[in-house]
Amino acid sequence: MRKVLIAALLACFVTAGYGCASKAQQGATVGSLAGATIGALTFKNKLLGAAVGAGVGTLFGYIVGNEWDKHDEAQVQRTLETGKSDQPQSWTNPDTGASYTATPSPPYMSENKVYRDVYIKDQKDGDTIMAKAWRDDKGVWHLKQ
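Note that the coordinates shown come from a computational prediction; the quantities given were computed from them, not determined experimentally.

This part covers the overall build of the protein chain. Helix and strand content of the protein chain: three helices and six strands. Helices (α) and strands (β) of the protein chain occur, in sequence order from the N terminus, as α-α-α-β-β-β-β-β-β. Sorting the 145 residues of the protein chain into buried and exposed places 34% on the buried side. The contacts of the protein chain with a sequence gap of at least 6 include a subset with a gap of at least 24, amounting to 31%. A total of about 9100 Å² of accessible surface is found on the protein chain, and carbon and sulfur atoms cover 61% of it.

With that settled, the discussion passes to the environment of Tyr-115. Here Tyr-115 shows up in strand β4 (residues 113-122). Look at Tyr-115 and you get buried, because its relative accessible area is 4%. Along the primary structure Tyr-115 and Lys-132 are separated by 17 residues, whereas in three dimensions their C-alpha atoms are 6.9 Å apart. Non-local contacts of Tyr-115, meaning those with residues more than four positions away in its chain, are made with Pro-106, Pro-107, Tyr-108, Ser-110, Ala-133, Trp-134, Trp-141 and Lys-144.

So, on to the confidence of the model for the protein chain. Interpreting fine coordinate detail is not advised for predicted regions of low pLDDT. Looking at the protein chain as a whole, the pLDDT averages 75, with 61% of positions reaching at least 70. Under a pLDDT of 50 for its full length, residues 1-21 has, in the predicted model, 25 contacts with residues more than four places off or in other chains.

On inspection of all chains with the given rule, the structure shows two aromatic pairs. Both rings, one in Trp-91 and one in Tyr-100, keep their centres 5.7 Å apart while their planes meet at 35 degrees; by these two values the pair is tilted. Residue classification places Tyr-100 among the buried positions, given a relative accessible area of 12%. Between the aromatic rings of Tyr-108 and Tyr-115, the centroid separation amounts to 5.8 Å while the plane-to-plane angle is 15 degrees, which identifies the pairing as stacked. The ring of Trp-134 has Lys-113 sitting right over it, with the charged end atom 4.1 Å from the ring centre.

Basis of the calculations
Residues numbered from 1 in each chain as written. Predicted model: local features only at pLDDT ≥ 70, side-chain atom pairs only at ≥ 80, totals over all residues. Heavy atoms only, no water. Helix = DSSP H or I, 4+ residues; strand = E, 2+ residues; numbered from the N terminus. Buried < 20%, exposed > 50% of the residue type's maximum accessible area, 1.4 Å probe, protein only. Contact = heavy atoms within 4.5 Å. Areas by Shrake-Rupley, 256 points an atom, 1.4 Å probe, with all protein chains shown as cover. pLDDT = per-residue confidence, 0-100. Phe/Tyr/Trp six-rings, centres within 6.5 Å; stacked < 30°, edge-to-face > 60°. Lys NZ or Arg CZ within 6 Å of the ring centre and 35° of its normal.

Now the structure itself:
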């Protein structure tokens, strides 16, 4: 069982890149752990089961997490493009049930690009991050921390 635990932890660190920067990576990490556990419990060869389960779980977890990212990113894009400065816009992710509020700052020019700062608050735990975003020639906003 100790080998199974080590394999699962190794898969999580490799998958997450030593940190969960995005929902896709978080999904992959959770999927990896769940897959390794299920694989170890169902395969006769526990180590092989953990490895196969971690691989399959990573793939499915990443796919699900990536879809969550796309929805939330679209909402932040909408806020940056059409939101009034200092007016919060809220949404709830239909897949996760997580609720967020994004508050854009007034636009400003820098390096020949239009920038806006945006404050994004997770309604569940109250954490708020501030991100800078710039708008490209096609009207797409790109976040940079």
